[in-house]
Amino acid sequence: MQLDWTTFILEILNFLVLIWILQRFLYRPVLDLLVARQQKIGEQSAQAQAMRDEAETLRRQYESRLADWRQECENSRRQLTEELALLKTQEMANIKQALAGEEEKMQVRNATLLAAREAELLRSATGQAYDEAAAMLKRLASKELTERIAGLFLEDLAALPENERGALSKAGKALPENASMTVVSAHPLDPTLRAAIETGLSAAAGKTLQAAFTEDPMLIAGLCAIVGECQLHVNLADELAFFKRQTDHAR
Amino acid sequence: MNWRFLNGKPIMPDKLAAVNLQDYRFGLRLSERGSVAGIGDGIALIRGLPTARLDELISFDDGSTGLVFQLAKDMLGAILLSQSQGVTAGMSVQHTGRKLEIGVGEVLLGRVVDPLGKPLDGLPDPDFSQFNPLEAAAPPIIERDFVKDPLYTGNKIVDALIPIGKGQRQLIIGDDGTGKSTLALDAVINQKGRDVRCIFVLIGQPRSSVAGTIETLRAAGALDYTVVVVAEANALPGFRYLAPFAGCAIAEHWMRLGRDTLVVYDDLTRHAQSYRELSLLLQRPPGREAYPGDIFYLHSRLLERSTVLGLSSGGGSMTALPIIETRQGELSAYIPTNLISITDGQIYFESKLFAAGFLPAIDIGRSVSRIGGKAQHEAIKAASARIRLDYLQFLELELFARFGARLEAGVEEKLRHGRLLREILKQDRLEPLSEQAHLAWLLAYGEGLLNGIPPEQAAKRLHRVFEQLPDSGLKLETPKPKWLVKLKSWLSEAHEPAA
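Residues numbered from 1 in each chain as written. Chains lettered and ligands numbered in written order. Predicted model: local features only at pLDDT ≥ 70, side-chain atom pairs only at ≥ 80, totals over all residues. Heavy atoms only, no water.

Overview of the overall build of chain A
Next up, step 1: Tallying secondary structure elements over chain A gives five helices and four strands in all.
Next up, step 2: Ordered by position from the N terminus, the helices and strands of chain A form the series α-α-α-β-α-β-β-β-α.
Next up, step 3: In terms of overall size, chain A is more extended than a compact globule, its C-alpha atoms giving a radius of gyration of 66 Å where 251 residues would be expected to give roughly 18 Å.
Next up, step 4: In terms of overall dimensions, chain A has a C-alpha envelope of 210 × 40 × 30 Å along the principal axes. (Helix = DSSP H or I, 4+ residues; strand = E, 2+ residues; numbered from the N terminus. Rg over C-alpha atoms; globule rule 2.2 N^0.38 Å.)

Observations regarding the overall build of chain B
Next up, step 1: Summing up its helical and strand segments, chain B has 14 helices and 19 strands in all.
Next up, step 2: Projected onto its principal axes, the C-alpha coordinates of chain B cover approximately 95 × 50 × 40 Å.
Next up, step 3: Within chain B, the fraction of its 499 residues that count as buried is 56%.
Next up, step 4: Nonlocal contacts in chain B, meaning residues at least 24 apart in sequence, comprise 72% of its contacts between residues at least 6 apart.
Next up, step 5: Element-wise, carbon and sulfur atoms account for 53% of the exposed surface of chain B, whose accessible area totals about 21300 Å².
Next up, step 6: Positive and negative charge centroids in chain B, built from 57 and 58 side chains respectively, lie 2 Å apart. (Buried < 20%, exposed > 50% of the residue type's maximum accessible area, 1.4 Å probe, protein only. Contact = heavy atoms within 4.5 Å. Areas by Shrake-Rupley, 256 points an atom, 1.4 Å probe, with all protein chains shown as cover. Lys, Arg positive; Asp, Glu negative; His and termini not counted. Charge placed at Lys NZ, Arg CZ, Asp CG, Glu CD.)

With respect to the nonpolar core
All names here are of chain B.
Next up, step 1: Residues Val188, Val228, Trp441 and Leu450 are the most contacted members of the largest nonpolar core, which totals 72 residues.
Next up, step 2: If one sorts the elements of this core by residue count, helix H12 (residues 435–446) sits on top with eight residues.
Next up, step 3: Residues in contact with Val228, not counting those within four places in the same chain, are Arg111, Val112, Val113, Phe200, Leu202, Ile214, Leu217 and Leu223.
Next up, step 4: If you look at the next biggest cluster of nonpolar residues, it comprises 59 residues, including Ile102, Phe128, Ala235 and Ile295. (Core = buried A, V, L, I, M, F, W, Y, C linked by side-chain atoms within 4.5 Å.)

A closer look at the interface of chain A and chain B
You'll often see interface size given as the accessible area lost when the parts meet.
Next up, step 1: Counting from both sides, the interface comprises 40 residues of chain A and, opposite them, 37 residues of chain B.
Next up, step 2: With both sides pooled, the region where chain A packs onto chain B buries about 3600 Å², and carbon together with sulfur makes up 60% of that total.
Next up, step 3: For the pair chain A and chain B, the number of links is one salt bridge.
Next up, step 4: The salt bridge involving Glu239 of chain A is made with Arg29 of chain B; its shortest N-O contact spans 2.8 Å.
Next up, step 5: Linking chain A with chain B are ten residue pairs in polar contact (both at pLDDT 80 or more), by the criterion used here.
Next up, step 6: Put simply, the parts of the chain that give the side of chain A that touches chain B at least two residues each are helix H1 (5–140), helix H2 (143–158), helix H3 (162–173), strand E4 (230–235) and helix H5 (236–250) of chain A.
Next up, step 7: Considering only residue class, the side of chain A that touches chain B consists of 18 nonpolar, nine polar and 13 charged. (Buried area = accessible area lost by both parts, 1.4 Å probe. Salt bridge = Lys/Arg side-chain N within 4 Å of Asp/Glu carboxyl O. Polar contact = N/O pair within 3.5 Å; in protein donor to acceptor, adjacent residues only side chain to side chain. Nonpolar A, V, L, I, M, F, W, Y, C, P; charged D, E, K, R; others polar.)

Points about the pairing of strand E15 (residues 226–232) of chain B
Residue and element names in this part refer to chain B.
Next up, step 1: Most of E15 is tucked away, with seven of its seven residues classed as buried.
Next up, step 2: Alternating positions in E15 separate into two faces, Thr226, Val228, Val230 and Glu232 on one and Val227, Val229 and Ala231 on the other, with burial throughout.
Next up, step 3: One ladder, built from two bridges, connects strand E11 (residues 112–113) with E15; its direction is parallel. What sits directly across from Val112, in E15, is Val228.
Next up, step 4: Two strands pair when backbone bridges link them, and strand E14 (residues 196–205) and E15 are joined in this way by seven bridges, in the parallel orientation. Along E15, the bridge assignment pairs Cys198 with Thr226.
Next up, step 5: For the segment spanning E14, helix H3 (residues 207–219) and E15, crossover handedness is right-handed. (Pairing = 2+ DSSP bridges. Right-handed = clockwise from strand over helix to strand, strands pointing away.)

Here we look at the sheet that holds strand E18 (residues 345–349) of chain B
Residue and element names in this part refer to chain B.
Next up, step 1: Reading across the sheet, the eight strands line up as E11-E15-E14-E16-E17-E13-E18-E19 and stay open at both edges, with mixed pairing between neighbours. Two strands close off the open sheet at either side, each with one partner strand: E11 and strand E19 (368–369).
Next up, step 2: Of the strands in this sheet, E14, E15, strand E16 (260–266) and strand E17 (317–326) are in contact with helix H4 (residues 237–256), which crosses E14 at around 175°. (Axes fitted to C-alpha atoms, helices over the stretch in contact; angles between N-to-C directions.)

What about the pairing of strand E5 (residues 43–47) of chain B?
All names here are of chain B.
Next up, step 1: Bridge analysis of strand E4 (residues 34–40) against E5 gives five bridges, and the strand direction is antiparallel. For Val36, the partnering residue across the bridge sits in E5 and is Ile46.
Next up, step 2: What sits between E4 and E5 in their antiparallel hairpin is a turn of two residues, with Asp41 showing a positive phi close to 55°.
Next up, step 3: Summarising the sheet, E5 and strand E8 (residues 75–80) pair through five bridges and their orientation is antiparallel. The residue bridging Arg47 from the neighbouring strand is Met75, located in E8.

Remarks on the pattern of salt bridges
Residues and elements named next belong to chain A.
Next up, step 1: A full pass over the atoms with the stated rule returns 32 salt bridges over all chains.
Next up, step 2: Put simply, Glu215 and Arg194 hold a salt bridge, and the shortest N to O gap is 3.4 Å. One end of the pair, Glu215, is in strand E2 (residues 210–215); the other, Arg194, is in helix H4 (residues 191–205), and 21 residues separate them in sequence.
Next up, step 3: Exposure remark for Glu215: the relative accessible area of 40% places this residue in the partly exposed category.

A short note on the packing of aromatic side chains
Residues and elements named next belong to chain B.
Next up, step 1: In total, this model carries eleven aromatic pairs over all chains according to the counting rule given.
Next up, step 2: The interplanar angle of 40° and the centroid separation of 5.9 Å between the aromatic rings of Tyr391 and Phe394 together place this pair among those described as tilted. With Tyr391 and Phe394 both in helix H10 (residues 387–401) and three residues apart, this pair spans about one turn of that helix.
Next up, step 3: The class for Tyr391 is buried, based on a relative accessible area of 5%.
Next up, step 4: Residue class for Phe394 comes out buried when judged on its relative accessible area of 1%. (Phe/Tyr/Trp six-rings, centres within 6.5 Å; stacked < 30°, edge-to-face > 60°.)

By themselves, these are just geometric observations and shouldn't be taken as functional.
Written as structure tokens, this is what we have:
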């Protein structure tokens, strides 16, 4: 084959044009693409590394936080336990105090109720006892018993202590001139006994007084004399009432 | 002079129990005898009985009983304790050696009695097993305790702004016809289910008023835990004088047993007038306003028996609500000033407020509770801390606002809040509220939940809220946020019908 320099030169030019075309439309875009891809990969790698670093940091933070949280939980649990124990102690103390207070209140209340019931029973027993005694004495009472009590009245009247005699005398002297004394007996009295009573009372009062005699079966037996502001009792009903009042005062 | 003898030995009345039965011998015994020198207007003048003691019971020959009320040189004055007409001049009088007592106990619950314990309600006589003296010494200091627990009257103003504690003596004072007795009735009705025994003492009131009060208590179901002690206007002055002491003795019995009690004295003005009447009849020297000199002692020895006992003494309490009437709002009159100084605070009823339609007509500015704040629940105390001051400021601002001057926005806001509060504080009679209801309206107002609502409608919405409270399970100890959530919900529901 014969070498033609024109063809050779044209072939060289054609090759150069081909190279240019390839460079411009194939190599450059491809290289740019490769560079971009490499850059992207680099960025992604850097980003991944950053994420890895961040993740590591976060992991360390979370581990630290978790440790702190565990510590805090432990502290909180311990504190809660202590608070619960303290609260339990306080509440138990409060409950014990409240129970002690209620117990004390109930003790006082029971004591009060017991005292009230005892007083009630005593009053009831006293009343019943005296009522039964009065009923018994009513059956046993008689005119002879009243006369015997009247005799006792005269004996005691003659033997009055000075202070009692003075009181009776004062009451007698305070009476108006025409006033009279009253003698109430459970049973009718004999005229002789009436005269003796009138004489005895007048002597004790230091003044001659007329007596008005009446009967009152409620006295059971005995008599009661009224001289002005002074009363002289010597009968069973007043005696029972006296003891009953004693019991009431003792209550 | 001592006229009681046994076997020639003088016996002092206080030592009768010391008589030794071994030394006893049946025989003559001397005793005193008095005679009636004069009688009238419920009292008897008696000559004789020189050893009679004050407040001793004496018996007349016709079976009547009298109470020694005054001791003079040659004469003693006695209060007749029976309505019989059998006592005549010259009648014989004897010692009984007893003090005046009244039957006490559970049998009295639901009953209407007179100051001697006799029934007035037509039912059979109570079967008393225990008696207490009408005149008793007040508990000593060593037995007393602090006022710690609240006593809820059911009234918005009282329970929120003028709190009353168990064992407190709170005076109810004001002109006639301003609602004093109504407040006391509300307080008694509100004690249902609270284990508080109530004693309502009616002194010197007409029979129609007495019947109305009893019927009101019965209709409200309050008579089951209440005792009504009545001394009507036409009763003997001695009965009117003894009535509050009888009520106090009944309550004292339960207090000694560890129970909480509430005593209402309606009213002590008539009691003082009865005491004055008795004193004048017995020719005691009159003092200021013709009252005797010991009128202060009369009321102080009555009200000092109201207290809280310590646990060692049973732990019970007696709360007293004495009612006193003023004339034209005059607080400086003799009896009102005495009672104001004796009691632990006062609830003052203003007749102008009553005329203005503000019911109950309680003057918040002049009312005070000196010790009730310590007994108030913490939640109610916190919620009502500023309301009293705000309301008083509102009243002052409203007075200035009458001149019609241009007001600042802040002042307008205060006036609006004040008008709202005034409408909320109104309450109908015989409609006591629970403590939960008090906390509800206090929180609703305090947190501004009622702002923007007209005052009249706000009261209605609160009424609907009160109706839902019993089923809500809310208590005073419930945390505040839960209360607010519920209140907002209820108020929103209450708003729907108006939308």
